[in-house]
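This is what each chain is made of:
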Amino acid sequence: MADIPDKLYFKIGEVAEIVGVETYVLRFWETEFPALAPKKTDSGHRLYRRRDVETVVRIKELLYDKGFTIAGARKRLSGRNS
């Protein structure tokens, strides 16, 4: 698993660097995975919690390492394995 720093909130650029994907990939994943829902500030900036970063790491693992489709990864994350 990626080494996640011990702090409350992460900006999208920090999450992208930790996980090793571009920021546009994270924004796309937010639209595809209901489990990924970072908080947004009044100015629209995303604030990811540690749980969100762990979810991003899991999504990347499912898509890139295990070869899941978006739909398959979404089902796996939601707990539906069928």
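Position numbers for residues count from 1 along each chain, tracking the sequence in the order it is written. Residue-level local features of this predicted model are given only where pLDDT is at least 70; pairs of side-chain atoms are given and counted only at 80 or more, and the full residue set underlies all totals for whole chains, interfaces and linings. To get the side-chain values, take all heavy atoms of the structure and skip hydrogens and water.

Caption draft 1: A look at the overall build of the protein chain. Only DSSP runs of H or I with at least four residues qualify as helices, and only runs of E with at least two residues qualify as strands; both kinds are numbered from the N terminus onward. Along its length, the protein chain carries 4 helices and 3 strands. Each helix (α) and strand (β) of the protein chain, taken in turn from the N terminus, gives the series β-α-α-β-β-α-α. Computation of the radius of gyration draws on C-alpha atoms alone. For the globule rule, the value is 2.2 Å times the number of residues to the power 0.38. A compact globule built from 82 residues would reach a C-alpha radius of gyration of about 12 Å, and the protein chain, at 12 Å, matches this within 12%. Dimensions of the protein chain, computed from C-alpha atoms along their principal axes, come out at roughly 40 × 25 × 20 Å. The buried label goes to any residue with under 20% of its type's maximum accessible area, the exposed label to any with over 50%, and the partly exposed label to all in between, with areas taken from a 1.4 Å probe on protein chains only. A buried classification covers 30% of the 82 residues belonging to the protein chain. By definition in these notes, contact holds between two residues if any of their heavy atoms fall within 4.5 Å. Counting contacts in the protein chain only where the partners sit at least 6 residues apart, residues at least 24 apart contribute 47% of the total. Put simply, the protein chain has 16 plus and 12 minus side-chain charges, and the middle of one group is 6 Å from the middle of the other. The charge count includes Lys and Arg as positive and Asp and Glu as negative, but it does not include His or the ends of the chains. Where a charge lies is defined by one atom per residue type: Lys uses NZ, Arg uses CZ, Asp uses CG and Glu uses CD.

Caption draft 2: Quick peek at the sheet that holds strand S1 (residues 9-11). One requirement defines pairing of two strands: DSSP has to find at least two bridges between them. An order of S1-S3-S2 is seen for the 3 strands of this open sheet, with the pairing classed as antiparallel. At either end of the open sheet lies a strand with only one pairing partner, and these are S1 and strand S2 (39-40). The strands touched by helix H3 (residues 50-65) within the sheet are S1 and strand S3 (46-49), with S3 carrying the most contacts at an inclination of about 85°. Inter-axis angles, ranging from 0 to 180 degrees, are taken between N-to-C directions of lines fitted to C-alpha atoms, where helices are fitted over the stretch in contact.

Caption draft 3: Just the pairing of S3, in detail. A one-sided burial pattern is seen for S3, the buried positions being Arg-46 and Tyr-48 and the unburied ones Leu-47 and Arg-49. Strand direction decides the pairing type here: S1 and S3, joined by 3 bridges, are antiparallel. Bridge pairing in S3 links Lys-11 to Leu-47. Pairing between S2 and S3: 2 bridges, direction antiparallel. Each bridged residue has a counterpart across the sheet, and for Lys-39 the counterpart in S3 is Leu-47.

Caption draft 4: Looking closely at H3. Helix span, expected: 1.5 Å multiplied by one less than the number of residues in the helix. Along its 16 residues, H3 runs 21 Å from first to last C-alpha, staying within 8% of the 22 Å computed at 1.5 Å per residue. Where H3 terminates, the next one or two residues include Gly-67, which has phi positive at roughly 75°.

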